[in-house]
Amino acid sequence: MTSIVPAVVPASLANTTSGHAATRRPVRGPLPLPTFTDRRTRRTVYALPAIDCNGRLADQAIVRVMGWKPGTRYAIQEHDGLLLVDASPRGVFTVSRQGHLYIPAVVRRRCAISPADRLLIAAEPAERRLVIHPPAAIDAMIADRHRAVLGGDAT
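Predicted model, so just to flag it, every value in this text is computed and none were measured.

Draft legend 1. Region of interest: unusual backbone geometry. Phi is positive for D80, which is not a glycine, with a value near 50 degrees. With respect to the helices and strands, the residue D80 is situated in the loop between β3 (73-79) and β4 (82-87). The exposed category is assigned to D80, whose relative accessible area is 69%. Phi is positive for R128, which is not a glycine, with a value near 55 degrees. In this fold, R128 is placed in the loop between β7 (120-124) and β8 (129-133). When its relative accessible area of 47% is taken as the criterion, R128 is described as partly exposed.

Here it is in structure tokens:
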């Protein structure tokens, strides 16, 4: 058995078509937007590239922001689970011809970085430093922030 559902016509349109004066609804303004207290205070540039099986990070934009060219020497230091990358004439590593950075296997093992992991890179051009956040450091940072915002154990 099939039934027909009557059309729904707004009241203001029904009044207009029948010749009656349309009722006016009050006009509302836009909905209020939340205000955020945290504003950016730095000019940090971020990237989230995947590391390949040979330890290369292929994010040329970050290398360009830093002003590093192919052949630029750099050094890597591990500090509290983060990797600090600084251009240095005494650096052991160099930016490749393609503009890739290389993270050696010993560093990848120490920081539990696996092929295809995405690493958060924060480029600090004013400080001439890259800070690479391995997955474990990102997880810890997010867990700390969740605990601070939500309170208690937010794991």
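That shown, we press on.
Draft legend 2. Spotlight on the nonpolar core. The biggest cluster of nonpolar side chains holds 23 residues, and the ones touching the most others in it are L57, W68, L83, L101, I103, L130 and I132. Breaking this core down by element, the ones donating at least two residues are α2 (60-66), β3, β4, β7 and β8. Broken down by element, this core gets its largest block of residues, three residues, from α2. Leaving out residues up to four positions away in the same chain, W68 has contacts with V63, V85, D86, A87, V95, L101, R128 and L130.

Draft legend 3. Just the pairing of β8, in detail. Among the five residues that make up β8, four are buried, leaving the element largely enclosed by the rest of the structure. For β4 and β8, the ladder comprises four bridges, and the chain directions are antiparallel. Counted as the bridge partner of V85 is L130 from β8. Pairing of β7 with β8, which is carried by five bridges, proceeds in the antiparallel orientation. Within the sheet, the bridge partner assigned to E124 lies in β8 and is R129. Taking the residues between adjacent antiparallel strands as the criterion, β7 and β8 are bridged by four residues, where R128 takes a positive phi near 55 degrees.

Draft legend 4. Region of interest: the packing of aromatic side chains. Throughout the structure, instances matching the rule amount to three aromatic pairs. With a centroid separation of 6.3 Å and an interplanar angle of 5 degrees, the aromatic rings of W68 and Y74 are classed as stacked. When its relative accessible area of 4% is taken as the criterion, W68 is described as buried. The exposure class of Y74 is buried, given its relative accessible area of 0%. Residues Y74 and F93 carry aromatic rings whose centres are separated by 5.8 Å and whose planes lie at 35 degrees to one another, so their mutual orientation is tilted. Of this pair, Y74 sits in strand β3 while F93 sits in strand β5 (residues 93-94), and the two are 19 residues apart along the sequence. Like F93, Y74 is buried.

About the thresholds
- Residues numbered from 1 in each chain as written.
- Predicted model: local features only at pLDDT ≥ 70, side-chain atom pairs only at ≥ 80, totals over all residues.
- Heavy atoms only, no water.
- Helix = DSSP H or I, 4+ residues; strand = E, 2+ residues; numbered from the N terminus.
- Buried < 20%, exposed > 50% of the residue type's maximum accessible area, 1.4 Å probe, protein only.
- Core = buried A, V, L, I, M, F, W, Y, C linked by side-chain atoms within 4.5 Å.
- Contact = heavy atoms within 4.5 Å.
- Pairing = 2+ DSSP bridges.
- Phe/Tyr/Trp six-rings, centres within 6.5 Å; stacked < 30°, edge-to-face > 60°.

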